[in-house]
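Architecture at a glance
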Amino acid sequence: TFCSYYFIHLICFSIRVRANDREYNEKFQYASNCIMTSKYNIITFLPVNLFEQFQEVANTYFLFLLILQLIPQISSLSWFTTIVPLALVLSITAVKDATDDYFRHKSDNQVNNRQSQVLIRGSLQNEKWMNVRVGDIIKLENNQFVAADLLLLSSTEPHGLCYIETAELDGETNMKVRQSVSVTSELGDPNNLASFDGEVVCEPPNNKLDRFSGTLYWREKKYSLTNQNMLLRGCVLRNTEACYGLVIFAGPDTKLMQNSGRTKFKRTSIDRLMNTLVLWIFGFLVCMGMILAVGNAGWEKEVGSLFQSYLAWDTPVNNFLFSAFLSFWSYVIILNTVVPISLYVSVEVIRLGHSYFINWDQQMFCSQCNTAAEARTTTLNEELGQVEYIFSDKTGTLTQNIMTFNKCSINGQSYGKDTHNTCACSRDRMLDFSLFNPLADPDFCFYDDKLLESVKVGDSCTHEFFRLLSLCHTVMSEEKSEGELVYKAQSPDEGALVTAARNFGFVFRSRTPGTITTTEMGRTVTYSLLAILDFNNIRKRMSVIVRNPEGRIRLYCKGADTVLLERLHPCNQEVMSITSDHLNEYAADGLRTLALAYRDLSEDEWEAWSESHRFADKATDCREDRLAAAYEEVEQNMMLLGATAIEDKLQEGVPETIAVLSLANIKIWVLTGDKQETAVNIGYSCKMLTDDMTEVFIISGHTVQSVRQELRSEGMQGWREPCFNGNGFKEGQEGGDTAGGKFALVINGHSLAHALEADMEAEFVSTACACKAVICCRVTPLQKAQVVELIKKRKKAVTLAIGDGANDISMIKSAHIGVGISGQEGIQAVLASDYSFSQFRFLQRLLLVHGRWSYLRMCRFLCYFFYKNFAFTMVHFWFGFFCGFSAQTVYDQYFITLFNIVYTSLPVLAMGIFDQDVPDHRSLEYPKLYEPGQLNLLFNKREFFICIAQGIYTSVVLFFVPYAVLSNATQSNGVPLADYQTFAVTTATALVIVVSVQIVLDTGFWTVFNHVFVWGSLGSYFIIMFALHSQTLFRIFPNQFHFVGSAQSTLLQPVVWLTIALATAICIVPVLAFRFLKLDLKPQLSDTVRKHTKTQQGRLGARGGSRRSGYAFAHQEGFGELITSGKNMRLSSLALASFASRHSSSWIDTLHTQTVHTVCFSGENTKTVI
């Protein structure tokens, strides 16, 4: 039987590891423990990095142009006009990549060279981490990092326990406990471990941090292995002198490295549009080249043939068609500057600057947690100005995730005061527990003295209520000194409940694997812990079975009322009815509720159930299902004790932030795992839901048919139809406009599963998007991501997901923009995010200030960039008709090289980094300023064509005005001015001046950098031009600089300056006239806000919001099994922070009810809808 079972497991699992047998394990070629996160080494850096960079289409395109320029028959420009900017771009990127990789190498070397003690041939030897192999036995000492994924074999702690910190894995600083298999827990001596030859058969490497399945075979017996027996790489051993572990996975196979995969690369809508426009421009470039090539063929055939006798074609040209072919490629080279390579470098520099502005923003710095906002990516800044949908988690994101015991119901009697009622709190003094209980937590707050009196008089139900709270949990306790208790709970709910029991006289003191010690009303009591029936998301409850000192066995259970009340004994009907009413009242106050119950077990009942539980626990297949069935069997016919109510307060500024974002036409959806009623109540608290809404629709069907029927109910039909037709979703129609913002939708997780099916998703989207607010309850992490993907697909809108926990990671990665809150649930969400900060209220500044500015700056930058390059390049096109289509350039090659990297690069960078239309506080006061980004008004295909039309118009003026003037102009001595070099200098000077004046007009916010860059770039043009035409350079490079003194002689002529002034006026005056007319006849909101800075601010009296009933339960699975298998838990304290008082929200009500806010300015006929 043992052999057949072993054979089956060899088929099911693919990993076999034998302890202390390197020769056996090396046959499977397992990965070494050396990690390599770097991409390059000294030899591979140059070829690999260049290969990666030339994966970019733009870089390949410019390399292709460079190759063309090396062919003398087609190149009118020197090769350095392309290679200089290309080399600059490649070098900057290479230096950045090399720097990043250097730090990765440094980190890898530091980790790989850490020392560990490895058991080799019976003795412990120091080995570098990189030399550790699968199957080795390692000794870990306190505060050491775990070198690989280990199977815990033994420990210096009792029962084979050890304590670890997993902050590097999941961001949680709570210490966790692990336990070895009982059969190996006594192998603490190296001599015993040296003879250990057990073999582990387990699952292959994967990235699931909370799951491990395997079997240990030793001495012809098998032992099940779970995640509670594993120490994962990246953990730190704490509060444990030493332990030994068997290496199961090493290096890249460890779960830490399996989770270090790259996040999906995100691109902005402007990136995608820019790629499309670049392809269009390239097509335009080809068309221009073909037109000029046809012109060359005609000219060579009709005119050029007349000069063949003394001006023959260059070799190998022998006919006009081949000449036209070469001319086409020549013009492709000359006209390539319509898409300069500096565009991509400039975009990255601007984005980097915007990211630093976010990081440096002191108004997004949280002094409480000493945490600044962080832009973890530089590629999405402008997308922050285009967000239409925000998907938010609730607990820890909208709320603080710091729980306080607020109210309770015991045997039908309700206790507790409303802490939000300041008058009541002033009348009812906070209870002082220090005289009654020296072990009380001084930070605990409670205001109802009736409950304390009930405890003092010895009410049996009250005592049993708090006894349950002191026993039914997985909290870990440490007593640093006499009476100084510190609790560490895996969830804030548990910490609050155990602390409440502590203050009311039932103090949890310590635990061992088989006992729980409490102090009950000053008397120390030790209970035998017989079993823990662990919590999970399906059960929604947890239980403990204990034996008191008198020998009575009792099961204590706490959980969500929906699952616990249906498991009560029929005799509980009366108290259940009263308690249900209390639960509804508590949830209506926004409190998280739990029901409490117990059951007495006879010795026979316990023995019978214990046997079935032991069988289920030892099962190697379907273990979780078997355990669930065993738990279900005993958790029946319980007696109801009462209910608890815990408050999770809203974060500071959440209602205000939601109100402002709603006014910016941003739709906010809450996706939470909490109960429907609790989530709805939070919706009212944060003003997502308001009393003036026509109706809040609840979708709670359990079947496809019922969900479809609820979506098509009569109440929804009238306002949903404009957004949805019989064939599916109508793109481009917003249901919110039809609904007038008067409806809200609440949908449960089981209903959402049906709504997300292919045949219903269009109907669900049309209904949900017609609502002002949407709340999805009891949703899984996968469903969160599915909802985000659905809106991305159906609405084609920019989405943002914000959360603070590991269950939000899939949602954060799915959205266009992911924001992580660094809160109580670790930093996993932060590590997966694009942006992070510590408070939800910072979101409005991130979007309405930084996002809007980034979008505005990037759009202005792109419009100007395309304009100036078309103005610069198209002059060559017009010149082609006057030079016999010979591919002669208007400007000299040095001007062509320097135009985009010296003369015009810095001013547009300054505008792209520093520009703003209105100050930051005005952006927050006028949320409607955000809408142009959502509608993509500032840079789209229409704006692009306007920019290139202006650029083409400018090029026409810059070519034909100097051509017309200079063709008949003469110097003062009568010498004609109509020479090539004079024309080139005049046109180039006019171009630089015109584009400089244009950026002066485009810049809305002037800084020192703007002034220095604009006027400095203009000055540098004249300095460089005079230097290039100087005698000095001619003497040094006589073959390169032929036109000595031509710049000086040209710019000394008054007619040249008059020509430049005339061209500038013709280019700029129409632009000025158009802008003045637009400002006067059709001003934008930003124009009006900038002109009129005085705004109306009104604050009305406080107004209460509606409440709905709610139930909640927050916990995690896994701790119960650890305790019963032997957890002597000693951890640091759980700090309970004080709460800020609830903010007045009257002005938010006003903002929501005011659908149109009209700003009228005295003395003006301006009326702007905001």
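Calculation rules
Residue numbers run consecutively from 1 along every chain, following the written order of its sequence. Local features are withheld for residues below a pLDDT of 70 in this predicted model, meaning they are given only at 70 or higher, and side-chain atom pairs are given and counted only at 80 or more; totals for whole chains, interfaces and linings count all residues. Derived side-chain values reflect all non-hydrogen atoms in the structure, with water molecules and hydrogen atoms excluded from consideration. The buried label goes to any residue with under 20% of its type's maximum accessible area, the exposed label to any with over 50%, and the partly exposed label to all in between, with areas taken from a 1.4 Å probe on protein chains only. A helix here means a DSSP run of H or I that spans at least four residues, while a strand means a run of E at least two residues long, and both kinds are numbered starting from the N terminus. Two strands qualify as a pair provided DSSP detects at least 2 bridges between them. As used in this record, nonpolar core signifies buried Ala, Val, Leu, Ile, Met, Phe, Trp, Tyr and Cys residues forming a set joined through side-chain atoms within 4.5 Å. By the convention used here, residues are in contact when the closest approach between their heavy atoms is within 4.5 Å. Here a cavity means grid points, on a 1 Å grid over the protein atoms only, where a 1.4 Å probe fits yet cannot get out; a pocket means an open set of points with protein on both sides within 12 Å along at least five of seven lines; lining residues are those with an atom within 4 Å of a point. Grid points are joined across faces, edges and corners, and a volume is the space filled by probe spheres set on the points. Classification used: nonpolar for Ala, Val, Leu, Ile, Met, Phe, Trp, Tyr, Cys and Pro, charged for Asp, Glu, Lys and Arg, polar for all others including Gly. One speaks of a salt bridge when a side-chain nitrogen belonging to Lys or Arg is within 4 Å of a carboxyl oxygen belonging to Asp or Glu. Note on aromatic pairs: the rings of Phe, Tyr and Trp (six-membered ring only in Trp) are paired at centre separations within 6.5 Å, and the planes decide the class, stacked below 30 degrees, edge-to-face beyond 60, tilted for the rest. In this scheme, the term charge over a ring applies when either NZ of a lysine or CZ of an arginine sits within 6 Å of the ring centre and within 35 degrees of the ring normal. Axis definition: a line fitted to C-alpha atoms, limited for helices to the stretch in contact. Angles are taken between N-to-C directions and run from 0 to 180 degrees. Residue-level confidence of the predictor is summarised by pLDDT, bounded by 0 at the bottom and 100 at the top. Pairs of N or O atoms are called polar contacts if they sit within 3.5 Å, as long as, within protein, a hydrogen donor faces a hydrogen acceptor (for residues adjacent in sequence, only side-chain-to-side-chain pairs). To estimate the expected span of a helix, subtract one from its residue number and multiply by 1.5 Å. Angles are sorted into four bins: roughly parallel if under 35 degrees, roughly antiparallel if over 145, roughly perpendicular if 65 to 115, and oblique for all others. Helix crossings are classified by the rotation of the near helix relative to the far one: an anticlockwise turn of less than a right angle makes the crossing left-handed, while a clockwise turn makes it right-handed. UniProt positions are given in the numbering used here, feature names are shortened, and annotations may be inferred rather than shown by experiment. Excluding any residue in a salt bridge, patches collect residues exceeding 30% relative accessible area, merging like charges within 9 Å and nonpolar Val, Leu, Ile, Met, Phe, Trp and Tyr side chains within 5 Å. Only the protein chains shown count as cover for residues, and the accessible areas themselves come from Shrake-Rupley with a 1.4 Å probe. The disulfide criterion is simple: two cysteine sulfur atoms within 2.5 Å.

1. With respect to the pairing of strand S13 (residues 242-249)
The buried fraction of S13 amounts to eight of the eight residues, a majority that puts the element mostly inside the structure. The pairing of strand S4 (residues 137-141) with S13 spans five bridges and is antiparallel. Across the sheet, the residue bridging to Lys139 is Tyr244, located in S13. Where strand S5 (residues 149-155) lies against S13, six bridges are found, and the strand directions are antiparallel. Bridge pairing links Leu152 to Gly245 in S13.

2. Focus on the nonpolar core
Counting residues in each nonpolar core, the largest one holds 100 residues, and the members touching the most others are Phe861, Leu862, Tyr891, Phe895 and Leu991. Per-element accounting of this core gives the leading share, 18 residues, to helix H30 (residues 842-880). Once residues lying within four places of it in the same chain are set aside, the contact partners of Phe861 are Leu343, Ser346, Val347, Ile350, Val908, Met911 and Gly912. Listed in part, the 48 residues of the second largest apolar core include Phe405, Leu431, Val475 and Phe508.

3. Digging into empty space enclosed by the protein
Summed over the entire model, instances satisfying the criterion amount to four cavities of 30 Å³ or more. Taken together, 13 residues make up the lining of the second largest cavity; nearest its centre are Asp892, Phe895, Ala988, Met1025 and His1029. Listing elements by their share of the lining of the second largest cavity, those giving two or more residues are helix H31 (893-903), helix H36 (980-1002) and helix H37 (1008-1028). Broken down by element, the lining of the second largest cavity gets its largest block of residues, four residues, from H36. Taken together, the residues of the lining of the second largest cavity break down into 10 nonpolar, two polar and one charged.

4. Quick notes on the pattern of salt bridges
Summed over all chains, the structure comprises 42 salt bridges. Note that Glu464 is salt-bridged to Arg467, the shortest N-O span being 2.5 Å. Taken as a pair, Glu464 and Arg467 lie in helix H14 (residues 460-471) at a separation of three residues, close to a single helical turn. Note on Arg467: relative accessible area 15%, which makes it buried. Of the charged contacts in the structure, one is a salt bridge between Glu761 and Lys793, with a shortest N-O distance of 2.8 Å. With Glu761 in helix H26 (residues 761-769) and Lys793 in helix H27 (residues 781-795), the pair connects residues that are 32 residues apart, well separated along the chain. With a relative accessible area of 43%, Lys793 lands in the partly exposed category. Each of the salt bridges in this network shares a partner with another, and the network as a whole consists of Arg539, Arg541, Glu566, Arg567, Glu632 and Glu635.

5. Brief notes about the layout of surface pockets
Taken as a whole, the second largest pocket spans an internal volume of roughly 1900 Å³. For the second largest pocket, the lining is made up of 49 residues, of which Arg860, Arg1075, Lys1078, Gln1084 and Asp1087 are closest to its centre. Elements that contribute at least two residues to the lining of the second largest pocket include exactly H30, helix H34 (931-934), helix H35 (941-966), H36, helix H40 (1054-1081) and helix H41 (1085-1091). In the lining of the second largest pocket, the residues fall into 23 nonpolar, 11 polar and 15 charged.

6. Concerning the packing of aromatic side chains
If you walk through the whole model with that rule in mind, you get 63 aromatic pairs. With centroids separated by 5.5 Å and ring planes inclined at 20 degrees, the aromatic side chains of Phe28 and Tyr30 adopt a geometry described as stacked. Plain terms: the ring middles of Phe866 and Phe944 are 5.2 Å apart, the flat faces sit at 90 degrees to each other, and that makes the pair edge-to-face. In this pair, Phe866 sits in helix H30 while Phe944 sits in helix H35, placing the two residues 78 residues apart along the sequence. Each member of the pair, Phe866 together with Phe944, is buried. Geometry around Tyr24 places Arg18 over its ring, the cationic atom sitting 3.8 Å from the centre. When the ring centre of Trp129 is taken as origin, the NZ or CZ atom of Arg114, which lies over that ring, is 5.0 Å away.

7. Here's the deal with the sheet that holds strand S16 (residues 399-410)
Judged by pairing direction, the sheet is antiparallel, and its nine strands sit side by side in the order S17-S16-S26-S25-S24-S23-S22-S21-S20 without closing on themselves. The open sheet has two edge strands with one neighbour each: strand S17 (413-415) and strand S20 (506-512). Averaged over all pairs of adjacent strands, the angle between strand axes in this sheet comes to 30 degrees, irrespective of strand direction. One ladder, built from eight bridges, connects strand S25 (residues 591-601) with strand S26 (residues 639-650); its direction is antiparallel. Note that in S26 the partner of Tyr598 across the bridge is Met639. The sheet contacts of helix H15 (residues 492-503) involve S16, S20, strand S23 (541-547), strand S24 (553-559), S25 and S26, and relative to S16 the element is tilted by about 45 degrees.

8. Points about the confidence of the model for the chain
Residues of the chain with pLDDT of at least 70 account for 85%, and the chain-wide mean is 82. Predicted confidence for residues 1-12 stays below pLDDT 50, and this span has 17 contacts to residues more than four positions away or in other chains. Within the model, pLDDT remains below 50 along residues 1094-1116, and this stretch shows 83 contacts once partners closer than five positions in the same chain are excluded.

9. Examining the side chain of His1029
Of note, His1029 is situated in the loop between H37 and helix H38 (1031-1036). By relative accessible area, which is 7% here, His1029 ends up buried. Within the local environment of His1029, its side chain forms a polar contact with the side chain of Ser1046, the two groups lying 3.4 Å apart. Not counting chain neighbours up to four residues away, the residues in contact with His1029 comprise Gln981, Phe1043, Val1044, Gly1045, Ser1046, Ala1047 and Gln1048.

10. Some words on unusual backbone geometry
Even without being a glycine, Asn665 presents a positive backbone phi close to 65 degrees. With respect to the helices, strands and loops of the structure, Asn665 is situated in the loop between helix H20 (654-663) and strand S27 (667-671). Here the phi dihedral of Asn936 falls at roughly 55 degrees; this positive angle occurs in a residue that is not glycine. For Asn936, the location among the structural elements is in the loop between H34 and H35.

11. Observations concerning helix H10 (residues 320-334)
The terminal C-alpha atoms of H10, which comprises 15 residues, lie 20 Å apart, in line with the 21 Å expected from a rise of 1.5 Å per residue. Buried residues of H10: Ser323, Ala324, Leu326, Ser327, Phe328, Ser330, Tyr331, Val332, Ile333 and Ile334, and no others.

12. What about the packing of H31 against H37?
Between H31 and H37, the shortest axis-to-axis distance is 11 Å and the interhelical angle comes to 155 degrees. The angle between the axes of H31 and H37 places the two elements in the roughly antiparallel class. For the pair H31 and H37, the crossing hand works out as right-handed. Every residue of H37 that contacts H31 at Tyr894, Phe895, Leu898, Val902 and Tyr903 is listed here: Ser1017, Ser1020, Tyr1021, Ile1024 and Leu1028.

13. Some points on the UniProt feature "binding site: Mg(2+)" (unreviewed entry) in the chain
The UniProt entry lists Asp393, Thr395, Asp804 and Asp808 under the feature "binding site: Mg(2+)" (unreviewed entry), expressed in the numbering used here. With the annotated positions falling across 416 residues, the maximum pairwise C-alpha distance of 10.8 Å places them together in a single cluster. For Asp393, the position within the fold is in the loop between strand S15 (387-392) and S16. Ignoring sequence-local partners within four residues, the contact set of Asp393 consists of Leu398, Leu671, Thr672, Lys784, Ile802, Gly803, Asp804, Asp808 and Met811. Mapped onto the fold, Asp804 is located in the loop between strand S33 (798-803) and helix H28 (809-814).

14. With respect to a nonpolar patch on the surface
Judged by side-chain polarity, Ile291, Phe881, Phe882, Phe960 and Tyr963 come together as a nonpolar surface patch covering roughly 450 Å² of accessible area. If you trace the backbone, Ile291 turns up in helix H9 (residues 269-302). Its relative accessible area of 45% is what places Ile291 among the partly exposed residues.

15. Digging into the environment of Ala19
Along the polypeptide, Ala19 turns up in the loop between strand S1 (15-18) and helix H2 (22-26). Each C-alpha atom of the pair Ala19 and Phe196 lies 6.6 Å from the other, and the pair is 177 residues apart in sequence. Not counting residues up to four positions away in its chain, the partners in contact with Ala19 are Gly135, Ile137, Phe196, Asp197, Gly198 and Leu246.

16. Re the state of the cysteines
A disulfide bridge is the covalent bond that connects two cysteines by way of their sulfur atoms. As enumerated under the stated definition, the model contains zero disulfides in all. The thiol of Cys162 is not disulfide-bonded; the next cysteine sulfur, from Cys243, is found 4.7 Å away. Given a relative accessible area of 0%, Cys162 falls into the buried group.

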